[in-house]
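Listed here are the chains, written in short residue letters.
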Amino acid sequence: RGMQFYHLKLDIDGKSFFVKSEFWEHRGKGYEEASNAEEARERLQELGWVDTVEYKFGYQDDGGQTFFISEWLDFPLLRDYMQELRSKIENLLQVHNAWQSDKSAEEWERELKELEVLRKQEQVLEEKMETIQKILPEFHDLLSWNMFYDEKDGKIYLFDLFKKPQGIYANWTL
């Protein structure tokens, strides 16, 4: 009981799972999270580029102990992917804007096209996050740190889906 939460990766028979258990009564519950994931999945099903984590089990007891288990997704957080994308844009801008007497017109055009592609990708991802937030306005923390991104498929996966604040200090008073 001294430990307030744990998040684990569990490997069983070649499959990997995410296991979360928390002991804060005011924070979200495992069953609530599973139920919210199902609701979000249903409301987003028309969009082929977004889904929720594949939950397997949600449980909570009257004492405040809660468990949530889902399939493990080995993708970066969308936040981290976006930071890397913005860093690529910034670095390419520096290279592109640097005066180089030996830079050919073809090189100049290639840099411009690459910048255009990266900026478009950033814009599309921002618009997708806004779309998700508009469809699920009652969900808290529906931001890039609660989303995975599969670059290969261009798919966003949502997790930590709650309709009330989940901050550790949410119910604390001074």
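Described in the following lines is the structure provided in the data block. The structure presented is a predicted model; accordingly, all values stated were derived computationally and were not measured. (Residues numbered from 1 in each chain as written. Predicted model: local features only at pLDDT ≥ 70, side-chain atom pairs only at ≥ 80, totals over all residues. Heavy atoms only, no water.)

A few points about the packing of aromatic side chains
On inspection of all chains with the given rule, the structure shows six aromatic pairs. Aromatic side chains phenylalanine 18 and tryptophan 72 sit 6.5 Å apart centroid to centroid with 45° between the ring planes, which places their arrangement in the tilted category. In this pair, phenylalanine 18 sits in strand S2 (residues 15-22) while tryptophan 72 sits in the loop between strand S5 (66-71) and helix H2 (78-97), placing the two residues 54 residues apart along the sequence. In this structure phenylalanine 18 comes out as partly exposed when scored by relative accessible area, which is 22%. The partly exposed category is assigned to tryptophan 72, whose relative accessible area is 30%. With 4.6 Å between their ring centres and 50° between their planes, tyrosine 81 and tyrosine 149 make a pair best called tilted. Of this pair, tyrosine 81 sits in helix H2 while tyrosine 149 sits in strand S6 (residues 147-150), and the two are 68 residues apart along the sequence. Overall, tyrosine 81 belongs to the buried group, its relative accessible area being 10%. An aromatic cluster is built from Phe57, Tyr59 and Phe67, whose rings are joined through pairwise contacts. (Phe/Tyr/Trp six-rings, centres within 6.5 Å; stacked < 30°, edge-to-face > 60°. Helix = DSSP H or I, 4+ residues; strand = E, 2+ residues; numbered from the N terminus. Buried < 20%, exposed > 50% of the residue type's maximum accessible area, 1.4 Å probe, protein only.)

Points about the pairing of strand S7 (residues 155-158)
Where strand S3 (residues 50-52) and S7 come together, three bridges link them in parallel fashion. Its bridge partner being in S7, valine 50 is matched across the sheet by isoleucine 156. Direction of pairing for S6 relative to S7: antiparallel, over a ladder of four bridges. Note that in S7 the partner of aspartate 150 across the bridge is lysine 155. Adjacent in sequence and paired antiparallel, S6 and S7 are bridged by four residues, among which glycine 154 carries a positive phi angle near 65°. (Pairing = 2+ DSSP bridges.)

Re the sheet that holds S2
Read from one edge to the other, the open sheet built from four strands follows the order S1-S2-S5-S4, with strand pairing classed as antiparallel. Single-partner strands in this sheet number two, and they are strand S1 (5-12) and strand S4 (55-60). For this sheet the average axis-to-axis angle between neighbouring strands, irrespective of direction, equals 15°. (Axes fitted to C-alpha atoms, helices over the stretch in contact; angles between N-to-C directions.)

With respect to the packing of H2 against helix H3 (residues 105-135)
Geometry of a packed helix pair, given as the angle between the helix axes and the separation of the axes. Orientation of H2 relative to H3, taken along the N-to-C sense of each, is 155°, at an axis distance of 10 Å. Overall, the two elements H2 and H3 adopt an arrangement that is roughly antiparallel. Judged by the twist between their axes, the crossing of H2 over H3 is left-handed. Each of Leu78, Tyr81, Met82, Leu85, Arg86, Lys88, Ile89, Leu92, Leu93, Val95 and His96 in H2 lies in contact with H3, whose residues at this interface are Trp108, Glu111, Leu112, Glu114, Leu115, Leu118, Arg119, Gln121, Glu122, Leu125, Glu126 and Met129. (Parallel < 35°, antiparallel > 145°, perpendicular 65-115°, else oblique. Left-handed = near helix turned anticlockwise from the far one by under 90°. Contact = heavy atoms within 4.5 Å.)

Some words on helix H1 (residues 30-44)
Compared with the 21 Å implied by 1.5 Å per residue over 15 residues, the 21 Å span of H1 between its first and last C-alpha is a close match. Taken together, the buried positions of H1 are occupied by Gly30, Glu33, Ala34, Asn36, Ala37, Ala40, Arg41 and Leu44. Along the axis of H1, the buried residues cluster in a sector spanning 165°; they form a single face. Contacts made by the buried residues of H1 are with S2, S3, S4, S5, H3 and S7. (Expected span 1.5 Å × (residues − 1). Arc of directions from axis to C-beta.)

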